[in-house]
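Survey of secondary and tertiary structure
If you want the building blocks of each chain, they are given just below.
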Amino acid sequence: MSAAATPLVDIAGVRLTYGGIDGTLAVDQLNLTVAPGEFVAVVGPSGCGKSSLMKLVTGLLAPSAGSVSVAGQTVRGPVKIVGMAFQNASLLPWRTTLDNLMLPLEIVEPYRSRIGRERASFQQDARKLLASVGLAGFESKFPWQLSGGMQQRASLCRALIHQPSLLMLDEPFAALDAFTREELWDVLQGIWIQRGFTTILVTHDLREAVYLADTVHVMSARPGRIVASYKVQLPRPRTLESSFLPEFSHLVQKLREHIRTERGAADAAQVA
Amino acid sequence: MSRKLLGQLMPVITLLGLLLLWEFGCIVFSVPEFVLPKPSRVIETLITSFGPIWFHAQHTLMTTLVGFVIAVVVGVLLGVFVGSSRLAYQALYPLLVGFNSVPKVALVPVLVVWFGIGTAPAILTAFMLSFFPVAVNVAIGLATLEPELEDVLRSLGASQRDIIIKVGLPRSMPYFFASLKIAITLAFVGSVIAETLASNVGIGTLVEQASANFRMPLVFAGLAVVAAMGIAMYAIFAGIERRMTSWATRSTDFGIGG
Ligand SMILES: Nc1ncnc2c1ncn2[C@@H]1O[C@H](COP(=O)(O)OP(=O)(O)OP(=O)(O)O)[C@@H](O)[C@H]1O
Ligand SMILES: [Mg+2]
């Protein structure tokens, strides 16, 4: 994870405007690099452009200025080496959990052209993945038969089934209760340690950011850019005990103050 | 008696109650038969004229079903087209709404000029009346795809076609099946209207000729048969709907009336 390694994600001087020239300026002067295998968390005041950042990296939106590159290539369209999960699990209600997991394999090459012949072995992989997040035995249940936390686990699996090298998470646990959320931190950390993919996690939960990330980036109010970055030095795997350490609370506190300042700056700008 | 059984019997009880009221109303106010026949006379006519009524009813049923099938095919194609492309939506939706607002009765004479008196105008009227709800419902199912799900799929490199086949179409199935029961009843309205104006077979024709001869019991018998066929078809498609899309009524993020 040295800074010298070529970054997996490189965002350089990016600006994004929604809706024409005099539209909303969502992010401006955005610079961010993510090393291969790194777990990055992005925090910032609401509406600062975090979701926009996700769309830029996955190639769903093109920057108005600057450049985004992933795995050494400039992003020009949908980046196929990513998996995504959101606050809303958005599983397909007419498919079982297992079949929901198969969806990406029906779309992404090389799985797509092999799924006809190798469905059984793909299903085996999907079962294993489900078991690793504690969903063994729920393969043939429909999404509406799962709890919110279970749906989110399945959604995480769907984001990972095609072995992406980059996982993008936009407030994936925001709708869950505190206990389930902390359980899922460990689930996510577990798979990440085991598989070693790169992760960008957008969250409003500062404890979540510190618990999971190697680096926490703080964004300014809109137009968003990175105003501070903190390395989290706590050893892995982190546990709930780590979250009681003074370093942990200290960092959470520092992030909180940062965001408060950013929010204040935004409010002041509105008044002026 | 269980609530469920009572619920199922309720429509029958209501119907019997209304018929009784009607019967007594006719007797008490001594309404002449050529104005409003008693239900007992209508039922009597249903039995005595069963042969001709059945002949015309069969014809109407066939005409309606053919028009309905065409409507389903065209409706689905239009719905997919309009629901999957913003441009097609903008180009076609106002036209569709405009077309749907035109009273189809006014088009029957035009159809007669083009196709002559007979079955063709009836089939086409049934079609014109019933394709709209199918098209709109399919389009709604496709167009209301959750943006996040679309992002997930597009980031995987899914083409527009992939998205429609994997998610759009299955997702619009509940809307589609809900529209079928509406469409089949509209198709009956369409075919009977056209038969009344421009045909020599079908319940519409039967009713038209009977009323010209002041045979009111036969008019009402014909209308009762159309209503019965409409209810039967509605029930069939409602049953198919329940069977095909049970997932939609179970999952909470899916609310469909209909
Ligand atoms: N499709 C869009 N069209 C126009 N403006 C948009 C669009 N999406 C986002 N914006 C604007 O861009 C800015 C950044 O939005 P974005 O969704 O990236 O914020 P966010 O940081 O994810 O917010 P939150 O924390 O509330 O999720 C917001 O001010 C928003 O109003
Ligand atoms: Mg957001």
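Note that the structure is predicted; figures quoted are calculated from it, not measured.

In this section: the sheet that holds strand S2 (residues 24-34) of chain A. Residue and element names in this part refer to chain A. Strand order in the open sheet formed by four strands is S2-S1-S4-S5, with antiparallel pairing between adjacent strands. Here the strands that pair on one side only, and so sit at the sheet edges, are S2 and strand S5 (73-74). In this sheet, strand S4 (residues 65-70) lies alongside strand S1 (residues 9-18) in antiparallel orientation, the contact comprising five bridges. Within the sheet, the bridge partner assigned to Ile11 lies in S4 and is Val68. Most of the contacts of helix H1 (residues 50-57) go to S1, to which it runs at about 120°, and overall it touches S1, S2 and S4.

To continue, consider the interface of chain B and chain A. With 19 residues of chain B at the interface, the matching set in chain A holds 24 residues. Approximately 2100 Å² of surface area, both sides summed, lies buried where chain B meets chain A, with 70% of it carried by carbon and sulfur atoms. Together, Ser155, Leu156 and Lys166 of chain B form the three largest contributors to the area buried by chain B at its contact with chain A, with a combined 30%. Where chain B packs against chain A, one counts three salt bridges. A salt bridge links Lys166 of chain B to Glu106 of chain A; its shortest N-O distance comes to 3.0 Å. Applying the counting criterion to the chain B and chain A interface returns two residue pairs in polar contact (both at pLDDT 80 or more). Every element with two or more residues in the side of chain B that touches chain A is listed here: helix H7 (147-155), helix H8 (160-198) and helix H11 (246-250) of chain B. Sort the elements by how many residues they give to the side of chain B that touches chain A and H7 of chain B lands first, with seven residues.

Turning our attention to the pairing of S1 of chain A. All names here are of chain A. Where S1 meets S2, seven bridges bridge the pair, whose relative direction is antiparallel. Within the sheet, the bridge partner assigned to Tyr18 lies in S2 and is Thr24. Taking the residues between adjacent antiparallel strands as the criterion, S1 and S2 are bridged by five residues, where Gly19 takes a positive phi near 70°.

This part is about the domain arrangement of chain B. All names here are of chain B. We note that the domain assignment places domain 1 (1-31) and domain 2 (37-244) within chain B. Relative placement of domain 1 and domain 2: their C-alpha centres are 29 Å apart. Taken together, the contact pairs five residues of domain 1 with five residues of domain 2. Taken together, the two surfaces of domain 1 and domain 2 that pack against each other cover about 450 Å², and 74% of this comes from carbon and sulfur.

What counts, and at which threshold
- Residues numbered from 1 in each chain as written.
- Chains lettered and ligands numbered in written order.
- Predicted model: local features only at pLDDT ≥ 70, side-chain atom pairs only at ≥ 80, totals over all residues.
- Heavy atoms only, no water.
- Pairing = 2+ DSSP bridges.
- Helix = DSSP H or I, 4+ residues; strand = E, 2+ residues; numbered from the N terminus.
- Contact = heavy atoms within 4.5 Å.
- Axes fitted to C-alpha atoms, helices over the stretch in contact; angles between N-to-C directions.
- Buried area = accessible area lost by both parts, 1.4 Å probe.
- Salt bridge = Lys/Arg side-chain N within 4 Å of Asp/Glu carboxyl O.
- Polar contact = N/O pair within 3.5 Å; in protein donor to acceptor, adjacent residues only side chain to side chain.
- Domains from an automatic or database assignment.

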